[in-house]
Amino acid sequence: MSKVTLRYQEISDAERYFEILSNPNFRYFEVKVKSVEEEREWLKTNPEKREKNREYNYAILYDDELVGACGIAMDTRRPHIGEIGYFLDEKYWEKGITTEAVKQIEKIAFEILELVRLEIRMEPGNRASGRIAIKCGYTKEGSVRKAYERDGEYRDCLLYAKVKER
Ligand SMILES: CC(C)(COP(=O)(O)OP(=O)(O)OC[C@H]1O[C@@H](n2cnc3c(N)ncnc32)[C@H](O)[C@@H]1OP(=O)(O)O)[C@@H](O)C(=O)NCCC(=O)NCCS
């Protein structure tokens, strides 16, 4: 059976990520990478971000092949809150891979990082992302207006969240 696993991103992943992220069908995604070199420089910042408790970024592997990424961005002013983000190579869409990756990263967030609240945000048109949140048991809390910027425009997003009851 095919297996989804997570590991920390490595600098040598840069070429593969540049290939995945150059996809024009990533319609609702705000990250744009201009070159492999830019991606490499970004990947180099990961260890420091972990040390400073800012971001925890993982590679998604499918049968040991690098197919995507998911990460937790910490709310620096409210350190019990984290936001999960993800993307996947289009060749692997609709196999349940990201849903499985979110379940795994959520465990890291609640059990290792001891977060209490996890958020997932997406544009209203991003049906796949909304389905992932629902299938992983996140509750839709509403719409957040002009919450992020893409292509020079401030856009609304839907907010889903899961909290850990103690
Ligand atoms: C969003 C994304 C990560 C989904 O990954 P995935 O591994 O295909 O998702 P899953 O297979 O776990 O399935 C999620 C659900 O969305 C549905 N779905 C997947 N791709 C879809 C699409 N293009 N259009 C509509 N629904 C879609 C699946 O059918 C599934 O729902 P179901 O169980 O009700 O059938 C992927 O489409 C992607 O990388 N998109 C570009 C980047 C992006 O938008 N990231 C999220 C930003 S918030």
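In this text, all values refer to a predicted model and were calculated from it rather than measured experimentally. (Residues numbered from 1 in each chain as written. Predicted model: local features only at pLDDT ≥ 70, side-chain atom pairs only at ≥ 80, totals over all residues. Heavy atoms only, no water.)

## Quick word on the overall build of the protein chain
Then comes step 1: Counting its regular elements, the protein chain contains 5 helices and 7 strands.
Then comes step 2: Sequence-ordered secondary structure for the protein chain, helices as α and strands as β, is β-α-α-α-β-β-β-α-β-α-β-β.
Then comes step 3: Taken against the 2.2 N^0.38 rule, which gives 15 Å for 166 residues, the C-alpha radius of gyration of the protein chain at 15 Å falls within 12% of a compact globule.
Then comes step 4: Principal-axis analysis of the C-alpha atoms places the extent of the protein chain at approximately 40 × 35 × 35 Å.
Then comes step 5: Looking at the protein chain residue by residue over its 166 residues, the buried ones come to 44%.
Then comes step 6: Here the analysis covers contacts within the protein chain between residues at least 6 apart in sequence; of these, 60% occur between residues at least 24 apart.
Then comes step 7: With the model as given, the accessible surface of the protein chain reaches about 9800 Å², and the carbon-plus-sulfur share is 47%.
Then comes step 8: One way to put it: in the protein chain the 31 positive side-chain charges average out to a point 4 Å from where the 32 negative ones average out. (Helix = DSSP H or I, 4+ residues; strand = E, 2+ residues; numbered from the N terminus. Rg over C-alpha atoms; globule rule 2.2 N^0.38 Å. Buried < 20%, exposed > 50% of the residue type's maximum accessible area, 1.4 Å probe, protein only. Contact = heavy atoms within 4.5 Å. Areas by Shrake-Rupley, 256 points an atom, 1.4 Å probe, with all protein chains shown as cover. Lys, Arg positive; Asp, Glu negative; His and termini not counted. Charge placed at Lys NZ, Arg CZ, Asp CG, Glu CD.)

## Describing the site of the ligand
Then comes step 1: In the vicinity of the ligand there are 21 residues, among which Glu94, Gly96, Thr99, Arg131 and Lys135 approach most closely.
Then comes step 2: Tyrosine 86 places a polar main-chain atom, nitrogen or oxygen, 2.9 Å from a nitrogen atom of the ligand.
Then comes step 3: Protein burial of the ligand: of its 920 Å² of free accessible surface, 81% is covered by the chains.
Then comes step 4: Those elements that provide at least two residues to the shell around the ligand are strand 4 (81-88), helix 4 (97-112), strand 5 (117-122) and helix 5 (127-135).
Then comes step 5: Top contributing element to the shell around the ligand by residue count: helix 5, with 6 residues. (Near = heavy atom within 4 Å. Polar contact = N/O pair within 3.5 Å; in protein donor to acceptor, adjacent residues only side chain to side chain.)

## Observations concerning the pairing of strand 2 (residues 55-62)
Then comes step 1: In terms of residue burial, strand 2 counts as a mostly covered element, since 7 of its 8 residues are buried.
Then comes step 2: Relative to strand 2, strand 1 (residues 4-8) is paired through 5 bridges, and the arrangement is antiparallel. Paired with valine 4 across the strands is tyrosine 62, a residue of strand 2.
Then comes step 3: As judged from the 8 bridges shared by strand 2 and strand 3 (residues 65-74), these two strands associate in the antiparallel manner. Bridge pairing in strand 3 links glutamate 55 to alanine 73. (Pairing = 2+ DSSP bridges.)

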